[in-house]
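Breakdown of the fold
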Amino acid sequence: MINFKDKVIELLDEKISSLTAGEIEGLIEVPPSYDMGDYAFPTFRLAKEYRKAPNAIAEEIASSMEGNEFFGKVQNQGPYVNFFIAREKLAEDVISEVMDKKEMYGSSDMGEGKKVIVEFSSPNIAKPFHIGHIRTTVIGNSLAKIYKFLGFDTVTINHLGDYGTQFGMLISAYKKWGDRQVIESNPISELLKLYVRFNQEAEDKPELQDEARYWFKELEHKNAEAMELWQWIRDISLKEFNRVYDMLNIKFDSYAGESFYSDKMPEVLEEMKEKGIMKESEGALIVDLEEYGMPPALIMKKDGSTLYTTRDIAAALYRKKHYDFHKNLYVVASQQNLHFKAWIKIVELMGYEWAKDCIHIPFGMVSLEEGTLSTRKGRVVFLEDVLNKAIESTRSIIDERNPNLENKDLVAKQIGIGAILFQELFNQRIKDYTFNWDRTLSFEGETGPYVQYTHARTNSLLEKGGFNPEDQISFNLLTGEDEINIIRMLYDFPGIVVDAMDKNEPFYITRQIVEIAKAFNKFYNSTQIITGDEEAKKARLALVYSTKTVIKTGLGLLGIEAPNKM
């Protein structure tokens, strides 16, 4: 595809001897309105060399560039040289590229030979997979898709919380009050009851915490009873979690959780001792990070048990050795900012320059209108319930608006789940938000269902108009304002995908496909697409096809399906 910005640089580079191509590129701006062109070049820096006012310089440069095949118009507006892309050229370039690459339009091989690990979701075993987990799960899944789309060898890891003192609590609670048959009938709810009861009773009986620590230590030392209970709890929990992952159509390459690294920690501790970065403090082992503006990092408790920090260091060392990653991304809530900053600094202090490639991708928190989520207090909203309610609500809307729709259950699932995922990915990930049923399931405004409906509309037009991708297209018929607005957004899409990858922000794609849908619906309402003028119909249907293709690709990168009928 033509890089029109590069063409601007080439044209200016021929005219301006005092600036390098790189300096010219750094000065080029995108005007706030297309009325002012697609690109603008300010001439202030040339005043000394030209010994003229910037306005006169801009006029002189613009007048020397008439008749360029890539730009229909080059003119000055005050001290700026404004470049207007030739509309027919843009239409031909974009639509031909989409027709050629289809749903791979916007993809690239920029990541070829580079492995990227995306760790996300990572729920705690035996605890509810609740609405608070949706952010890491959805953001991580989208990032993995984006990196893969750009040619990176992407590995998805679900770093299960299947270790730690919480297991000591569960084992202790199960031995006191548990019933295996009751738990297997409804695993997560029953295990949650045990966990909540243990924490409630421990408030009055602090000795219960000592008991929990004892059982976790026994688990670390491979006590047979502790191991058997741990494996059973892990298996039944994962079976429950996979039901949700299946609904979201999410797959992982690895479920290696915290427990996977338990036998790898002694070697890591020994290395840290050898490198002299640990010291003893009140019987525990710490790394002093005061000079880096952080509190001491606890590496091993005085009872010999390890912590999250130890396990994350062990995991990073293992992943570098096993995968030799280009990037190791951790999609984990912003509450863990200090934790990641600390252990990544420790890996750096151990002498590993690749520590900089371990990147924490923080996101804001979800709260309920009645307060924050709390597993210990049993105040949670199960994610599976949220998804099912969204599907049921969508099914009711379909029954009301289009009762004869084929595959109603499938479409209800695609739209209902899509609505929730779209909302999650519509804003910058760092923003906190309060979960609200009505807003989540709204089908008005800038929503997933709106974009999905636009996709279904394009599909209907293509079927009704008998679209043939082999038809010859008269691109000069796609130069009207409504048509060219869509084409500009389609042209920008590949760059938006790269921006989403560079900044680890899927919402760039979400916003772009909303704008494409808006522009298309404006075109749809102002233009007769299936017209008696055969050449106009072919050209407009080619634009419809291109819009449909990019919307579907964009939704796919967000983990959302695009129904052909709604």
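Each remark here, short or long, concerns the structure printed above.
1. Section: the overall build of the protein
When helices and strands are counted, the protein shows 21 helices and 13 strands. Its C-alpha atoms give the protein principal-axis dimensions of about 85 × 65 × 40 Å. When the 566 residues of the protein are sorted by exposure, 55% land in the buried category. Carbon and sulfur atoms make up 46% of the accessible area of the protein, which amounts to about 25,600 Å² in all. Computed over 69 positive and 88 negative side-chain charges, the inter-centroid distance for the protein is 2 Å.

2. Digging into the packing of aromatic side chains
Counted by the stated rule, this structure contains 27 aromatic pairs. Judged by centre distance (5.2 Å) and plane angle (80 degrees), the rings of Tyr 163 and Phe 216 are edge-to-face. One end of the pair, Tyr 163, is in the loop between β5 (153-157) and α7 (165-177); the other, Phe 216, is in helix α10 (residues 207-220), with 53 residues separating them in the sequence. For the residue pair Tyr 163 and Phe 216, the accessibility class agrees, reading buried in each case. Note on Phe 260 and Tyr 318: the rings are 5.2 Å apart at their centroids and 75 degrees apart in plane angle, and the pair reads as edge-to-face. Note that Phe 260 is positioned in the loop between α11 (224-248) and α12 (265-274) and Tyr 318 in helix α13 (residues 308-323), a separation of 58 residues in sequence.

3. Observations concerning the sheet that holds strand β1 (residues 39-42)
In spatial order, the strands read β1-β3-β2; together these three strands make up an open sheet with antiparallel pairing. One side of each edge strand has no neighbouring strand; the edge strands of this open sheet are β1 and β2 (71-77). Neighbour-to-neighbour, the strand axes of this sheet turn through a mean angle of 20 degrees, independent of strand direction. Where β2 and strand β3 (residues 80-85) come together, six bridges link them in antiparallel fashion. Pairing of Lys 73 across the sheet is with Phe 84, part of β3. Across the face of the sheet, helix α4 (residues 54-63) comes into contact with β2 and β3 while running at roughly 165 degrees to β2.

4. Examining the packing of α7 against helix α9 (residues 187-204)
Running from N to C, α7 and α9 cross one another at 95 degrees; their axes reach a closest spacing of 9 Å. Taken together, the axis directions place α7 and α9 in an arrangement best described as roughly perpendicular. The residues of α9 that touch α7, namely those facing Gln 166, Met 169, Leu 170, Ser 172, Ala 173, Tyr 174 and Trp 177, are Leu 191, Leu 194, Tyr 195, Arg 197, Phe 198, Asn 199 and Glu 201. Residues that form the contact of α7 with α9 fall into these classes: nine nonpolar, three polar and two charged.

5. Regarding the environment of Gly 37
Positionally, Gly 37 belongs in the loop between α2 (21-27) and β1. Take Gly 37: its relative accessible area is 2%, and that puts it in the buried class. For the pair formed by Gly 37 and Gln 77, sequence separation is 40 residues and the distance between their alpha carbons is 9.8 Å. Leaving out residues up to four positions away in the same chain, Gly 37 has contacts with Pro 31, Asn 82, Phe 83 and Phe 84.

6. Comments concerning the packing of helix α6 (residues 134-149) against helix α16 (residues 408-424)
One can describe the packing of α6 onto α16 by two numbers: an axis separation of 10 Å at closest approach and a directional angle of 85 degrees. The orientation of α6 with respect to α16, classified from their angle, is roughly perpendicular. On α16, the residues that touch Ile 134, Arg 135 and Val 138 of α6 are Ile 420, Leu 421 and Glu 424. The residue makeup of the contact of α6 with α16, split by class, is four nonpolar, no polar and two charged.

7. Topic: the nonpolar core
Phe 41 and Phe 83 are the most contacted members of the largest nonpolar core, which totals 148 residues. Broken down by element, the residue count for this core peaks at 12 residues, all from α11. Excluding residues that lie within four positions of it along the chain, Phe 41 makes contacts with Leu 12, Ile 16, Leu 19, Ile 24, Leu 27, Ile 28, Leu 46, Pro 79, Tyr 80, Val 81 and Phe 83. Membership of the second largest hydrophobic core comes to 37 residues, among which are Val 268, Ala 315, Tyr 323 and Trp 354.

8. Things to note about the pattern of salt bridges
Pairs can form between side chains of opposite charge once their charged atoms are near each other. In the structure shown here, the tally under the stated rule is 38 salt bridges. Here Glu 271 ties to Lys 275 by a salt bridge, and the two come within 2.6 Å at their closest N and O atoms. Since its relative accessible area comes to 38%, Lys 275 is described here as partly exposed. Shared partners join several salt bridges into a network, and the residues in it are Asp 38, Arg 87, Glu 481 and Arg 488.

Thresholds, definitions, all that
- Residues numbered from 1 in each chain as written.
- Predicted model: local features only at pLDDT ≥ 70, side-chain atom pairs only at ≥ 80, totals over all residues.
- Heavy atoms only, no water.
- Helix = DSSP H or I, 4+ residues; strand = E, 2+ residues; numbered from the N terminus.
- Buried < 20%, exposed > 50% of the residue type's maximum accessible area, 1.4 Å probe, protein only.
- Areas by Shrake-Rupley, 256 points an atom, 1.4 Å probe, with all protein chains shown as cover.
- Lys, Arg positive; Asp, Glu negative; His and termini not counted.
- Charge placed at Lys NZ, Arg CZ, Asp CG, Glu CD.
- Phe/Tyr/Trp six-rings, centres within 6.5 Å; stacked < 30°, edge-to-face > 60°.
- Pairing = 2+ DSSP bridges.
- Axes fitted to C-alpha atoms, helices over the stretch in contact; angles between N-to-C directions.
- Contact = heavy atoms within 4.5 Å.
- Parallel < 35°, antiparallel > 145°, perpendicular 65-115°, else oblique.
- Nonpolar A, V, L, I, M, F, W, Y, C, P; charged D, E, K, R; others polar.
- Core = buried A, V, L, I, M, F, W, Y, C linked by side-chain atoms within 4.5 Å.
- Salt bridge = Lys/Arg side-chain N within 4 Å of Asp/Glu carboxyl O.

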